[in-house]
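# Structural features, examined
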Amino acid sequence: MIELHCRPQHEAPTRVVIGNGALQQLAVDTQGRSVFALVDASMAALRPDLMQPSWTVLHAQAGESLKSLGQAELILRAMATAGLDRKGLLLAIGGGTIGDVGGLCAALYLRGIECWQAPTTMMAMVDSAVGGKTAVNLPEGKNLVGAVHPPSRVYVDPTMLEGLPDVELRSGIAEAIKMGIGLDASLFGILEREHAAVIAREPGVIERVIHRSLAAKCAVVESDLREDGPRRLLNLGHTLGHALEALADGRIPHGLCVARGLHFALDVSESLSAMRSEDAERCRKVLLRYGHQRTALPSVEQLLPFVARDKKAEQGSVHFVLPTGIGQSRVERLRLDQLRALLAAG
Ligand SMILES: NC(=O)c1ccc[n+]([C@@H]2O[C@H](COP(=O)([O-])OP(=O)(O)OC[C@H]3O[C@@H](n4cnc5c(N)ncnc54)[C@H](O)[C@@H]3O)[C@@H](O)[C@H]2O)c1
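Residues numbered from 1 in each chain as written. Predicted model: local features only at pLDDT ≥ 70, side-chain atom pairs only at ≥ 80, totals over all residues.

### Focus: the overall build of the protein chain
On a plain count of helices and strands, the protein chain comes out with 14 helices and 12 strands. Scaling as 2.2 N^0.38, a compact globule of 346 residues should have a C-alpha radius of gyration of about 20 Å, and the protein chain matches this with 19 Å. If you line up the protein chain on its principal axes, its C-alpha atoms span 60 × 40 × 35 Å. Among the 346 residues that make up the protein chain, the fraction classed as buried is 48%. (Helix = DSSP H or I, 4+ residues; strand = E, 2+ residues; numbered from the N terminus. Rg over C-alpha atoms; globule rule 2.2 N^0.38 Å. Buried ≥ 20, exposed ≤ 12 C-beta atoms within 10 Å, placed from the backbone.)

Right, here's the structure in full:
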């Protein structure tokens, strides 16, 4: 079992346990605690053995439609009905949508109770379960209502991925590729060299990809929990990714939209001479190896309103993350008219 600690300034640390059997450890660690478990309904059906008789369990249908204020209210009311008090614990078992809404409910209930995350998708294992960003969507845009509320513990058990549909695996891998391109050249190297083993879900390599991705994320989160600076680097690929996702009304998995956004970010970097063409080409090849094509984009008129509404947009410009090498990136302000021209070319 690998252990990681994420220690953001002025916040309690997050202890992350990664390895086969992490969920058995979770069951032991909840003993004696008052637990409200928000559980992905499909997970609960697949692994009923994981649910402990002492927990209050609420099953939820995962997906973007769960990330709404209406659904959050239903969850909060179930927490109140269960009589959860300030010492209670919200445990989110599922993918990123369960973790995001569950984390938000933990942040809001009684002005904040402890949250633990047990991610069950690749997306949640490599990214969303750690870092404390919680959110729900509004019709006007994604993740517009949220709170920063880091979990105190995260239990990552890669054996949970066995039955995950391929498209969801590739969606999560897109976020790992993002960390590799933008932050960690050695993670990029693993994804590049060992793609066949990653696709085949070989436990050793999957565990290394999860470990390196979370370590890269923790390093950024520790220096900037609230996204005033370096944490913006985690938004690589997300300016276009979020717009595509909102335009598709949540019907395309998050990571597939991010992957298309990564292609776009590589094109933008190359066109601004911020990245060597050889490096950009290596990144494109890795994206393609995991099935992430450079698909045709919707029109600029369709995309721009969502780009402009994204929380990364400020006063007519966006903070755009440019990859600058393998494992390197920087944030630059791009004016919306500049972005319009780049989108039209993309
Ligand atoms: N908070 C953050 O820092 C952060 C970071 C990245 C992404 N996100 C958010 O994460 C969300 C996407 O998360 P996701 O991709 O995990 O989606 P998801 O939660 O919708 O799960 C995807 C699908 O996989 C199913 N599933 C879950 N675990 C399974 C398992 N072990 N086996 C089989 N099926 C399983 C779910 O039922 C669902 O149908 C987006 O809303 C995105 O905005 C948040």
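### Some details on unusual backbone geometry
The phi dihedral of Asn 143 is positive, around 55°, even though this residue is not glycine. Topologically, Asn 143 is positioned in strand β8 (residues 141-148). The residue Asp 249 is not glycine, and still its phi comes out positive at about 55°. As for its position among the elements, Asp 249 is in the loop between α10 (238-247) and α11 (254-271).

### A look at the site of the ligand
Neighbouring the ligand are 29 residues, the closest being Gly 95, Gly 96, Thr 121, Met 123 and Ser 128. Looking at the shell around the ligand, its residues break down into eight nonpolar, 13 polar and eight charged. For the shell around the ligand, the two domains that each supply at least three residues are domain 1 (2-163) and domain 2 (166-345). (Near = placed C-beta within 6 Å. Nonpolar A, V, L, I, M, F, W, Y, C, P; charged D, E, K, R; others polar. Domains from an automatic or database assignment.)

### Quick look at the environment of Ala 243
The topology assignment puts Ala 243 in helix α10. Take Ala 243: there are 28 C-beta atoms within 10 Å of it, and that puts it in the buried class. Counting along the chain gives 113 residues from Ala 243 to Val 130, while the straight-line C-alpha distance between them is 23 Å.

### A closer look at the pairing of strand β12 (residues 328-335)
The sheet contact formed by strand β11 (residues 317-325) and β12 spans eight bridges and is antiparallel. Bridge pairing in β12 places Phe 320 opposite Glu 332. Connecting β11 to the antiparallel partner β12 that follows it, the hairpin turn spans two residues, and Gly 327 within it adopts a positive phi of roughly 80°. (Pairing = 2+ DSSP bridges.)

### Comments concerning the environment of Asp 184
Locating Asp 184 in the fold gives a position in the loop between α6 (166-182) and α7 (185-193). A residue is classified by how many C-beta atoms lie within 10 Å of it, and Asp 184, with 22 of them, is buried. Linking Asp 184 and Ile 326, residues 142 residues apart in sequence, is a C-alpha distance of 7.5 Å. Setting aside residues no more than four positions away along its own chain, Asp 184 makes contact with Met 179, Arg 212, Ala 216 and Gly 327. (Contact = placed C-beta atoms within 7 Å.)

So yeah, pure geometry; function would need other evidence.
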